[in-house]
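# Analysis of the macromolecular model
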Amino acid sequence: LGEMGYSLRAVGHLQDSLRMTKDALEAQIALGNDLKASWQAANLAALLDLLGDLPQARTAAEQSLQLVLAGGPPEEQVNARAILAMILHQSGSLDEAEDIFLTAEEWSRARRSKHPFLYGYRGFGYCNLLLELGRWQQVEQRAQQTISIALDKGWLRDTALDYISLGRAYLLGAREAGAGHLALAQEYLGKGLEGLRRAGQLDQLPHGLLARAEVGCVLGDLAHSQKDLQEAFRLSTRCGMRLVEVDAHLGFARLHLAAGDRDQARASLDRATQMVADLGYHRRDRD
């Protein structure tokens, strides 16, 4: 569970992993090992995020950062800030999340001047926030650069996530730049999904599936949209990923609207609305 972004092959039973991670965190705190305790708190935050427990995820992420602020390695401070920013984004605290991402990137840039942007899973999280804020051109610029780092290092997962970021950027940009961007969105989302499957990153697949389903709705390819949404929904319910379940319900609402079925769209929207309120998933309030 070392890198914030887990293969379900590694996570297995999420609740068992949650208990083990809590035990490991308590053990490291008892031993006075703040650095390893920070790692475990970050792992705990990411697991709680997967399960949709955002208040506890935020508590764990804040604990991870506090454990390394007093003299911890700069790289670990960057990691801890990034995971906290991701949780804040999920909770709808966009301005606070952006401030923390900016600080993390400044720290990272000070150590790696040749890499101006956060990259890997941290960069993917920042791109998610920028897309939420409508800054698709920034995401395009960032992902075009960070993907070269991932390719150079042979990071299959991170390469795939950069493709997903590019695909989502072109999907958002299609509203301004036209249909050509939709074709690019399809291309990069397809590459990203292929890479995530090869890497065994099943927990990350919904990022691409949900975006590709939205492309299908725009293009009128409702059959393929439905297939992608059904896969994302199966993953969410089988693995207990509650936030992905919300996103799938919202995707089904869009699909039903595109098909002209307002009653089914309302049912999907009502389910998503209730889950957003229950989970505190306020990133989706605007949706």
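Owing to the predicted nature of the structure, the values given are computational and were not obtained by experimental measurement.

## Observations regarding the overall build of the chain
Looking only at helices and strands, the chain has 14 helices and zero strands in total. In the chain, the order of α-helices and β-strands from amino to carboxyl end is α-α-α-α-α-α-α-α-α-α-α-α-α-α. For a compact globule of 287 residues, the expected C-alpha radius of gyration is about 19 Å, and the chain comes in at 19 Å, within 12% of that figure. Burial statistics for the chain: of 287 residues in total, 55% are counted as buried. Long-range contacts, defined here as pairs at least 24 residues apart, represent 62% of the contacts in the chain between residues at least 6 apart. With the model as given, the accessible surface of the chain reaches about 13,000 Å², and the carbon-plus-sulfur share is 48%. Of the charged side chains in the chain, 32 are positive and 37 negative, and the gap between their average positions amounts to 3 Å.

## A closer look at the pattern of salt bridges
Following the criterion strictly, the structure yields 19 salt bridges and no others. The salt bridge partner of Glu62 is Arg58, with a shortest N-O separation of 2.9 Å. Taken together, the residues Glu62 and Arg58, both in helix α4 (residues 54-69) and four residues apart, mark about one turn of the helix. When its relative accessible area of 27% is taken as the criterion, Arg58 is described as partly exposed. Glu245 is paired through a salt bridge with Arg271; the nearest N and O atoms lie 4.0 Å apart.

## As for the layout of surface pockets
By volume, the largest pocket is sized at about 1,100 Å³. In terms of lining, the largest pocket is formed by 44 residues, of which the most central are Arg168, His207, Asp247, Arg283 and Arg284. For the lining of the largest pocket, the secondary structure elements donating two or more residues are α3 (34-51), α5 (74-90), α7 (120-132), α9 (156-177), α11 (205-219) and α13 (242-258). Per element, the largest residue contribution to the lining of the largest pocket is seven residues, and it comes from α11. Looking at the lining of the largest pocket, its residues break down into 23 nonpolar, nine polar and twelve charged.

## Focus on the packing of α5 against helix α6 (residues 94-111)
The contact between α5 and α6 brings their axes to 8 Å, and the two run at 160°. Between α5 and α6, the angle falls in the class roughly antiparallel. Considering the relative orientation of α5 and α6, their crossing is left-handed. Taking contact as the criterion, the partners of Pro74, Glu75, Gln77, Val78, Arg81, Ala82, Leu84, Ala85, Met86, Leu88 and His89 in α5 are, on α6, Leu94, Glu96, Ala97, Ile100, Phe101, Thr103, Ala104, Trp107, Ser108 and Arg111.

## Digging into the packing of α9 against α11
Helix packing geometry: the angle between the two helix axes and the distance between the axes. At their nearest, the axes of α9 and α11 sit 10 Å apart, and the two run at 25° to each other. Taken together, α9 and α11 sit at an angle that is classed as roughly parallel. Seen from above, α9 lies across α11 with left-handed handedness. Contacts between α9 and α11 involve Ile164, Arg168, Leu171 and Arg175 from the former and His207, Gly208, Ala211, Glu214 and Val215 from the latter. Its residues placed into classes, the contact of α9 with α11 shows four nonpolar, two polar and three charged.

## Some thoughts on the confidence of the model for the chain
Do not read the fine detail of predicted coordinates wherever pLDDT is low. Chain-level pLDDT for the chain is 92 on average; 95% of the residues reach the 70-or-more range. A low-confidence stretch, residues 1-11 (pLDDT under 50), is modelled with 38 contacts involving residues beyond four sequence positions or located in other chains.

## What to know about empty space enclosed by the protein
Here the structure, examined in full by the defined rule, presents one cavity of 30 Å³ or more. A volume near 30 Å³ is recorded for the largest cavity. Sorting the residues of the lining of the largest cavity by element identifies α7 and α8 (136-153) as the ones contributing at least two each. When its residues are assigned to classes, the lining of the largest cavity shows four nonpolar, two polar and two charged.

Conventions and cut-offs
- Residues numbered from 1 in each chain as written.
- Predicted model: local features only at pLDDT ≥ 70, side-chain atom pairs only at ≥ 80, totals over all residues.
- Heavy atoms only, no water.
- Helix = DSSP H or I, 4+ residues; strand = E, 2+ residues; numbered from the N terminus.
- Rg over C-alpha atoms; globule rule 2.2 N^0.38 Å.
- Buried < 20%, exposed > 50% of the residue type's maximum accessible area, 1.4 Å probe, protein only.
- Contact = heavy atoms within 4.5 Å.
- Areas by Shrake-Rupley, 256 points an atom, 1.4 Å probe, with all protein chains shown as cover.
- Lys, Arg positive; Asp, Glu negative; His and termini not counted.
- Charge placed at Lys NZ, Arg CZ, Asp CG, Glu CD.
- Salt bridge = Lys/Arg side-chain N within 4 Å of Asp/Glu carboxyl O.
- 1 Å grid on protein atoms, 1.4 Å probe; cavity = no way out; pocket = protein on both sides within 12 Å on 5 of 7 lines; lining within 4 Å.
- Points joined across faces, edges and corners; volume = space filled by probe spheres on them.
- Nonpolar A, V, L, I, M, F, W, Y, C, P; charged D, E, K, R; others polar.
- Axes fitted to C-alpha atoms, helices over the stretch in contact; angles between N-to-C directions.
- Parallel < 35°, antiparallel > 145°, perpendicular 65-115°, else oblique.
- Left-handed = near helix turned anticlockwise from the far one by under 90°.
- pLDDT = per-residue confidence, 0-100.

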